[in-house]
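Listed here are the chains, written in short residue letters.
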Amino acid sequence: MSAQFEITKSSNFVLVKISGRIISDEGLSAALEQIEKSLSGDLKAVLCDCSKLEYCNSTGLNFFVRVLTRSRKVGLDCVLVNLQPTVKKLFEISKLNEIFSCFNSTDEVEAKFNKVK
């Protein structure tokens, strides 16, 4: 099963719900394009909900870095929420957990960004 993306925009965030497995480029370009179209400076961050992301490899890591890069170009952060243990371990091994803000719930994200801005 390849990855599925559900991308929505709220008043504060672009929410990217990811499910399945990111192991190839299949569907990534379309998802990135849709995310990029949703970005605007009045938002606080791109929130990637990874609660249903079962697995990703280096292609998946590259996808997240590309989302982060596009987010930062318009002054936003990219945060990861609900990382599954196998995916979290990959972020730790690659040291990308030092670049991304990682949270256990969307409530934690809301609390952080409501406190900051």
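In the block above lies the structure referred to throughout.
About the criteria used
- Numbering of residues begins from 1 in every chain and follows the order in which that chain's sequence is written.
- At least 70 in pLDDT is required for a residue's local features to be given in this predicted model, at least 80 for side-chain atom pairs to be given and counted, and no such filter applies to totals for whole chains, interfaces and linings, which use all residues.
- To obtain the side-chain values, all non-hydrogen atoms of the structure were used and water was disregarded.
- Relative accessibility thresholds used throughout: buried, under 20% of the residue-type maximum; exposed, over 50%; partly exposed, between the two (1.4 Å probe, protein chains only).
- We count a stretch as a helix when DSSP gives it H or I for four or more residues in a row; a strand needs E for two or more, and each element gets its number in order from the N terminus.
- In this scheme, strands are said to pair when DSSP sees at least two bridges between them.
- Note on handedness: a crossover is taken as right-handed if, strands pointing away from the viewer, the path from the first strand over the helix to the second is clockwise.
- The arc under discussion is defined with respect to the helix axis, by the directions toward the C-beta atoms.
- Here, two residues are considered to be in contact whenever any of their heavy atoms come within 4.5 Å of each other.

### Description of the pairing of strand β4 (residues 77-81)
Extensive coverage of β4 is indicated by the burial of five of its five residues. Residues Asp77, Val79 and Val81 point to one face of β4 and Cys78 and Leu80 to the other, with burial holding for every one of them. Summarising the sheet, strand β3 (residues 45-56) and β4 pair through five bridges and their orientation is parallel. Residue pairing for β4: Cys48 is matched across the bridge by Leu80. Handedness of the crossover joining β3 and β4 through helix α2 (residues 58-73): right-handed. Examined bridge by bridge, β4 and strand β5 (residues 101-103) share three bridges and lie parallel to one another. The residue of β5 that forms the bridge with Val81 is Phe103. For the handedness criterion, the β-α-β arrangement of β4, helix α3 (residues 85-93) and β5 is classed as right-handed.

### Description of helix α1 (residues 28-38)
Looking only at α1, the buried set comprises Leu28, Ala31, Leu32, Ile35 and Ser38. The buried residues of α1 all sit within an arc of 125° when viewed along its axis, so they share a single face. Opposite its buried face, α1 presents the exposed residues Ser29, Ala30 and Lys37, each directed more than 90 degrees away. Tucked into the core, α1 has its buried residues touching β1 (4-9), β2 (13-22) and α2.

Read these as layout, nothing more, since geometry by itself doesn't imply function.
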